[in-house]
Amino acid sequence: FFSSRRRHTRYWRDWSSDVCSSDLFGLAYDTRDQTYSQLTFQINIERPIQFFAIKFVFPLSIILLFSLVAFWMPIDKFDVRIALSGSALLNLIFLQQLHSNGIVASQQLVLIDMLYIYAYVSVILTLIDMIYSNYRYLQKQDEHYIVARNRWVSLGHMLGFASLVTYIVLNF
């Protein structure tokens, strides 16, 4: 049996191996009473969570926050509200393109893909809700109800993103 301990690095973006262990033991098979050796390895690799938070979660949070600020703006400022949410969508697209250039292409969904999917859905739903709220406002429906509904929707979006990030951090 041999093992190697954690490799500490000075650079915060470096990978580190938690445990690298192996066992060498003999197995007896029924064929001709011969003994065979088997070697097994277990390697656990982890990346510091600070890298994930600073590189991916923080910029996404800022973009989603700007998109959701539109819910808290005055209801009669439709052009500003749509422009803010639309620019958040464009920023999201450019941020994903920037990050995808630095990630190895894979056929599987990775963790950051789940965050981007949520962010796209959130921003697009924000745009749809802005249009719907403006329609109701122009139809002279209850303005207080529209404002209250917009604020609850924005809080729901923020809670959903925080829940997704917490789920990813705790389970992966």
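Check the entry above for the structure.
This report concerns the structure included in the present document. (Residues numbered from 1 in each chain as written. Predicted model: local features only at pLDDT ≥ 70, side-chain atom pairs only at ≥ 80, totals over all residues. Heavy atoms only, no water.)

**Description of the overall build of the chain**
Here is the rule we go by: Comment: elements are numbered from the N terminus, with helices defined as DSSP H or I runs of at least four residues and strands as E runs of at least two. With residues, only the protein chains shown are counted as cover, and all accessible areas are computed by Shrake-Rupley using a 1.4 Å probe.
Each helix and strand in the chain was counted, giving 4 helices and 3 strands. Counting from the amino terminus, the chain carries its helices and strands in the arrangement β-β-β-α-α-α-α. Surface accessibility of the chain: about 12000 Å² in total, with carbon and sulfur atoms responsible for 62%.

**Looking at the packing of helix 2 (residues 78-101) against helix 3 (residues 111-138)**
Two quantities define a packed helix pair, namely the angle between the axes and the distance from one axis to the other. What counts here: To get an axis, a line is fitted to the C-alpha atoms, and for a helix only the part in contact is used. The angle between two axes follows their N-to-C directions and goes from 0 to 180 degrees. Angle categories are assigned with fixed cut-offs, so that under 35 degrees is roughly parallel, over 145 is roughly antiparallel, 65 to 115 is roughly perpendicular, and the rest are oblique. Rotating anticlockwise by less than a right angle from the far helix to the near helix defines a left-handed crossing, while the corresponding clockwise rotation defines a right-handed one. By definition in these notes, contact holds between two residues if any of their heavy atoms fall within 4.5 Å.
Direction vectors running N to C along helix 2 and helix 3 enclose 165°, while the axes themselves pass 10 Å from each other. Classified by the interaxial angle, the pair formed by helix 2 and helix 3 is roughly antiparallel. Considering the relative orientation of helix 2 and helix 3, their crossing is left-handed. Between helix 2 and helix 3, the contacting residues are Phe 78, Arg 81, Ile 82, Ser 85, Gly 86, Ala 88, Leu 89, Leu 92, Ile 93, Leu 95, Gln 96 and His 99 on the first element and Tyr 116, Ala 119, Tyr 120, Val 123, Ile 124, Thr 126, Leu 127, Met 130, Ile 131, Ser 133 and Asn 134 on the second.

**Some thoughts on helix 1 (residues 49-69)**
Counted only if it meets this: To estimate how far a helix should extend, the number of its residues minus one is multiplied by 1.5 Å. A residue's bend is given by the angle between axes fitted to the 7 residues ending at it and the 7 residues starting at it. To sort residues, take the accessible area from a 1.4 Å probe on protein chains only and compare it with the maximum for the residue type: under 20% means buried, over 50% means exposed, and anything in between is partly exposed.
The terminal C-alpha atoms of helix 1, which comprises 21 residues, lie 28 Å apart, in line with the 30 Å expected from a rise of 1.5 Å per residue. Helix geometry: helix 1 is bent most strongly at Val 57, by close to 35°, with proline Pro 59 lying one to four residues after it. Here helix 1 has its buried residues at Phe 51, Phe 52, Phe 56, Val 57, Leu 60, Ile 63, Leu 64, Ser 67 and Leu 68. Considering only its buried residues, helix 1 is in contact with helix 2, helix 3 and helix 4 (143-171).

**Description of the nonpolar core**
Our working definition: Take the buried Ala, Val, Leu, Ile, Met, Phe, Trp, Tyr and Cys residues and link them wherever side-chain atoms come within 4.5 Å; each set so joined is a nonpolar core.
Residues Leu 60, Leu 92, Leu 115, Tyr 116 and Phe 161 are the most contacted members of the largest nonpolar core, which totals 22 residues. When contributions to this core are tallied by element, the ones reaching two or more residues are helix 1, helix 2, helix 3 and helix 4. Look past the residues within four positions of Leu 60 in its chain and what remains in contact with it is Leu 92, Leu 95, Ile 112, Leu 115, Tyr 116, Ala 119 and Phe 161.

**A closer look at the packing of helix 1 against helix 3**
We apply this condition: Ten residues, namely Ala, Val, Leu, Ile, Met, Phe, Trp, Tyr, Cys and Pro, are considered nonpolar, four, namely Asp, Glu, Lys and Arg, are considered charged, and the remaining ones, Gly among them, are considered polar.
Across the interface, helix 1 lies against helix 3 with an axial gap of 10 Å and an inter-helix angle of 5°. By the criterion of interaxial angle, the relationship of helix 1 to helix 3 is roughly parallel. Only Ile 112, Leu 115, Tyr 116, Tyr 118, Ala 119, Ser 122, Val 123 and Thr 126 of helix 3 make contact with helix 1, whose side of the interface consists of Phe 52, Phe 56, Val 57, Leu 60, Leu 64, Ser 67 and Leu 68. For the contact of helix 1 with helix 3, the residue count by class is 12 nonpolar, 3 polar and no charged.

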